[in-house]
Amino acid sequence: MTTSMTLEKVIEALLFSAQKPLSIHEITAAIKGAEGDQESETPNEFKRVKNAEVAAALEQLKVEYIQQRRAFQLVEKTEGWQLATDPGFAKWVRQLFPAPKPARLSAPALETLAIIAYRQPITRADVEAVRGVNIDGVLQTLMERGLVKIAGRAEIPGRPLLYETTQFFLDHFGLRNLDELPNAEELRRYNLPMGQAVKSAAATQAGSTNPG
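Attention in this report is confined to the structure presented alongside it.

Rules behind the numbers
Residues numbered from 1 in each chain as written. Predicted model: local features only at pLDDT ≥ 70, side-chain atom pairs only at ≥ 80, totals over all residues. Heavy atoms only, no water. Salt bridge = Lys/Arg side-chain N within 4 Å of Asp/Glu carboxyl O. Buried < 20%, exposed > 50% of the residue type's maximum accessible area, 1.4 Å probe, protein only. Helix = DSSP H or I, 4+ residues; strand = E, 2+ residues; numbered from the N terminus. Pairing = 2+ DSSP bridges. Contact = heavy atoms within 4.5 Å. Axes fitted to C-alpha atoms, helices over the stretch in contact; angles between N-to-C directions. Core = buried A, V, L, I, M, F, W, Y, C linked by side-chain atoms within 4.5 Å.

This part covers the pattern of salt bridges. Within the structure shown, the criterion is met by eight salt bridges. The shortest N-O distance in the salt bridge between Glu-26 and Lys-20 comes to 3.1 Å. Using a relative accessible area of 33% as the deciding quantity, one classes Glu-26 as partly exposed. Residue Lys-20 is classed as partly exposed on the basis of its relative accessible area, which comes to 44%. Where Glu-164 meets Lys-149, a salt bridge forms, and the shortest distance between an N and an O atom there is 3.7 Å. Note that Glu-164 is positioned in strand S5 (residues 161-165) and Lys-149 in strand S4 (residues 148-153), a separation of 15 residues in sequence. Judged by relative accessible area, Lys-149 falls into the partly exposed class, the value being 39%. Taken together, the salt bridges that share partners define one network made up of Glu-76, Arg-176 and Glu-180.

The strand order across the open sheet formed by three strands is S3-S5-S4, and the pairing between neighbours is antiparallel. The two strands at the open ends of the sheet, each matched to only one other strand, are strand S3 (122-123) and S4. Pairing between S3 and S5: two bridges, direction antiparallel. Its bridge partner lying in S5, Ile-122 is registered against Tyr-163. Against the sheet, helix H5 (residues 107-119) engages S3, S4 and S5, with an angle of about 95° to S5.

Attention shifts here to the nonpolar core. Formed by 20 residues in total, the largest nonpolar core has its most connected members in Leu-113, Leu-142, Leu-147, Val-148 and Phe-169. Secondary-structure elements contributing two or more residues to this core are H5, helix H7 (136-144) and helix H8 (167-172). Residues contacting Leu-113, with those up to four places away along its chain left out, are Leu-105, Leu-142, Leu-147, Val-148, Thr-165, Phe-169 and Phe-173. In this structure, Leu-22, Leu-58, Leu-61 and Trp-81 belong to the second largest nonpolar core, which totals 16 residues.

For Glu-128, the location among the structural elements is in helix H6 (residues 124-131). Residue Glu-128 is classed as buried on the basis of its relative accessible area, which comes to 17%. For Glu-128, the residues in contact, after removing those within four places along its chain, are Val-133, Asn-134, Ile-135 and Asp-136.

So, on to unusual backbone geometry. Residue Pro-121 is bonded to the preceding Gln-120 through a cis peptide linkage, with omega at -5°. On the secondary structure map, Pro-121 appears in the loop between H5 and S3. Even without being glycine, Arg-69 reaches a positive phi, approximately 55°. The phi dihedral of Arg-159 falls on the positive side, at around 40°, and the residue is not glycine. Considering the arrangement of structural elements, one finds Arg-159 in the loop between S4 and S5. Judged by its relative accessible area of 40%, Arg-159 is partly exposed.

These figures come from the coordinates and say nothing about function on their own.
In structure tokens:
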């Protein structure tokens, strides 16, 4: 018996087979680009599907999985949509991946990561001004873990490196974007201590705009 074909089922098959999250554009392109079934000479009935229809079908699937209390769920990440095991089944699924647990970040590393996350891009000196200690070792650890990366150089004397969080940081903490950080707007407005290089640059600029 032939299974009744629906847009939701086609999308489900794509998500099940994908090795990475799929964006709505990627899903739409895959559906529209499919060839017809040569054996039955059935044309591709979804060849004219639009992004809006795919988006609606994704939301429908997400709701259905929740209502049916399936062991998996449809998750929207920064880079697209992906099927994922429900966290409630983690202790059983974890048995399939017996790799050693990664070491937890230390309190200094978490504090440094939080400062970078909320005030990025930020220089090492500015982070040290907030923490009051040298962060060379901690910063190296965060970069080795793939949580922080170099974002460029600051336009101040000496042009120190700027640091920001990575895509892995968002994935690791289950965030779609930085706006989902707790109290993001409030903490970004809070004035933090500045590193010496930034202070000097600010003083120089103030002197040039306000001659004695």
